[in-house]
Amino acid sequence: MTNTIDTSIYAAITEAIQGEARRILSEGHVSAVVGYAAARRKGSAQPVVITDAVRAEELIFSAACVNNLAVYLTKAKKEIPKTGKIGIVVKGCDLKALVGLMGESQLKREELYLIGVPCAGVLASTAQPAQELTGDTIAPKCRECDAHLPQECDFVPDRQPATPELAGKYRAEIARLEAMTPAERWAYWKEQFKKCIKCYACRQVCPFCFCEQCLCDRNKPQMVETTPRPAGNTAWHIVRAMHLAGRCAGCAECERVCPMDIPLNLLNRKMAKELKELYDYEAGFQVREKGPLAMYDEKDDQSFIK
Ligand code: SF4
Ligand code: SF4
Ligand code: SF4
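About the thresholds
Residues numbered from 1 in each chain as written. Chains lettered and ligands numbered in written order. Predicted model: local features only at pLDDT ≥ 70, side-chain atom pairs only at ≥ 80, totals over all residues. Heavy atoms only, no water. Near = heavy atom within 4 Å. Helix = DSSP H or I, 4+ residues; strand = E, 2+ residues; numbered from the N terminus. Nonpolar A, V, L, I, M, F, W, Y, C, P; charged D, E, K, R; others polar. Buried < 20%, exposed > 50% of the residue type's maximum accessible area, 1.4 Å probe, protein only. Contact = heavy atoms within 4.5 Å. Core = buried A, V, L, I, M, F, W, Y, C linked by side-chain atoms within 4.5 Å. Expected span 1.5 Å × (residues − 1). Salt bridge = Lys/Arg side-chain N within 4 Å of Asp/Glu carboxyl O. Disulfide = S-S within 2.5 Å. Pairing = 2+ DSSP bridges. Lys, Arg positive; Asp, Glu negative; His and termini not counted. Polar contact = N/O pair within 3.5 Å; in protein donor to acceptor, adjacent residues only side chain to side chain.

It is worth spelling out the site of ligand 2 at this point. Taken together, 13 residues form the shell around ligand 2, and within it C206, C248, C251, A252 and C254 come nearest. Within the residue set of the shell around ligand 2, elements represented by two or more residues are α7 (230-244), α8 (253-257) and α9 (264-279). By residue class, the composition of the shell around ligand 2 is eight nonpolar, three polar and two charged.

Set out below in structure tokens:
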């Protein structure tokens, strides 16, 4: 029995993205398009910014297009948004980050031209870029995707992605952790945080970590110990989780880039589950000025105060 996932629509999507990018650049609707292009290694893809319609043919979409390009509109390439209206290729999970950033006044909808991708899934960080997309090689986030078809974009190729039923890995892992005692859970996370080498790749890749100066880099006074030792590591991970609670779009980029295989998106998903249960709130579907942790209501559940 094969568990191959049908990605045959990606060729037509590539063609449609190229056509639309060529049109919006040549007609002057946008000054640049942020998308994906083939990289050197067989089958791999990398982010690209094109400003000339002639280069639209470089754009691709494949299961190797893993990056969340929203980060290129905040800090990775700060100069891009200043050049005018920007076209950006977005998968549904990346769109959630853009929606969150609009709510936080980091981006304006009218300054973006959204090229949405009907998406069947992308490869896990453990798979080789040229590998076939299957139930074994697909990224864990895609197993429980609720955004295969991005909504309210300016252009979406008319294709239906394959969406086979796959068992949710995060869901199963959260259930396993919830069945533990608090002491067992603490031991589990302490063991994970212990592995952290404080490379901050997770912070650099996250579209929501856009502070000019991160609290964790401050040394006068020092807020979080910068060397990779257990106490400072735990502080860093708690700061990270709390800072992203109610904001995290679930793109799983932090987990993908972590060289120490720390299950960061598991913590993100657990926080998201808590927010759904406590406040019926889900990040990324609607532009909202304030998330639940930035608001107070007298009817809020106070039971956590012991
Ligand atoms: S989570 Fe959904 S939209 Fe994002 S890459 Fe996976 S299948 Fe595509
Ligand atoms: S915390 Fe991780 S999953 Fe959430 S938005 Fe940032 S990079 Fe994406
Ligand atoms: S990417 Fe991983 S190792 Fe690096 S700081 Fe983040 S959690 Fe730690």
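So, about the side chain of Q192. Positionally, Q192 belongs in helix α5 (residues 182-194). With a relative accessible area of 12%, Q192 lands in the buried category. Among residues more than four places away in sequence, those in contact with Q192 are D261, I262 and P263.

Let us now look at the nonpolar core. Core analysis: the biggest nonpolar cluster contains 65 residues, and V33, F61 and L98 have the highest contact counts within it. Going through the elements one at a time, α1 (9-26), β1 (32-38), β2 (45-50), β3 (86-90), α2 (92-103) and β4 (112-116) are the ones with two or more residues in this core. Top contributing element to this core by residue count: α1, with seven residues. Ignoring sequence-local partners within four residues, the contact set of L98 consists of A70, L73, I88, V90, L107 and L114.

Take α9 next. The terminal C-alpha atoms of α9 lie 22 Å apart, and with 16 residues this matches the ideal 22 Å at 1.5 Å per residue to within 8%. For α9, the complete set of buried residues consists of L264, N265, L266, L267, N268, M271 and L275.

Another aspect to go through is the pattern of salt bridges. Under the definition given, this model contains 15 salt bridges. Close ionic contact of K270 with E178 constitutes a salt bridge, the shortest N to O distance being 2.7 Å. Residue K270 is found in helix α9, and its partner E178 is found in helix α4 (residues 169-178); the two are separated by 92 residues along the sequence. Between E178 and K273 there is a salt bridge whose closest N-O contact spans 2.8 Å. In this pair, E178 sits in helix α4 while K273 sits in helix α9, placing the two residues 95 residues apart along the sequence. One network of salt bridges, with partners in common, ties together E178, K270, K273, E274 and E277.

Our next topic: the site of ligand 3. The full set close to ligand 3 counts 14 residues, and C196, C199, Y200, C202 and C258 are the nearest of them. Looking at the shell around ligand 3, the elements that each hand over two or more residues are α6 (201-205) and α7. Classifying every residue of the shell around ligand 3 by side-chain character gives 12 nonpolar, one polar and one charged.

With that out of the way, let us pick up the state of the cysteines. Note on terminology: a disulfide is the covalent bond linking the sulfur atoms of two cysteines. Taken as a whole and judged by the stated rule, the model has zero disulfides. Free of any disulfide, C216 has its nearest neighbouring cysteine sulfur in C214, separated by 4.0 Å.

Our focus in this paragraph is the pairing of β2. With six bridges joining them, β1 and β2 adopt antiparallel strand pairing. By the bridge assignment, A37 is partnered in β2 with Q46. Linking two consecutive strands that pair antiparallel, namely β1 and β2, is a turn of six residues; a positive phi of about 80° is found at G43 within it.

Summarising the element assignment, E255 is placed in helix α8. Despite its burial, E255 remains without a salt bridge, the nearest opposite charge being carried by R240 at 7.8 Å. Looking at E255, its side chain comes within polar contact range of the main-chain nitrogen of L264, at 3.4 Å. With residues near it in sequence (within four places) discarded, E255 still touches Y170, I262, P263, L264, N265 and L266.

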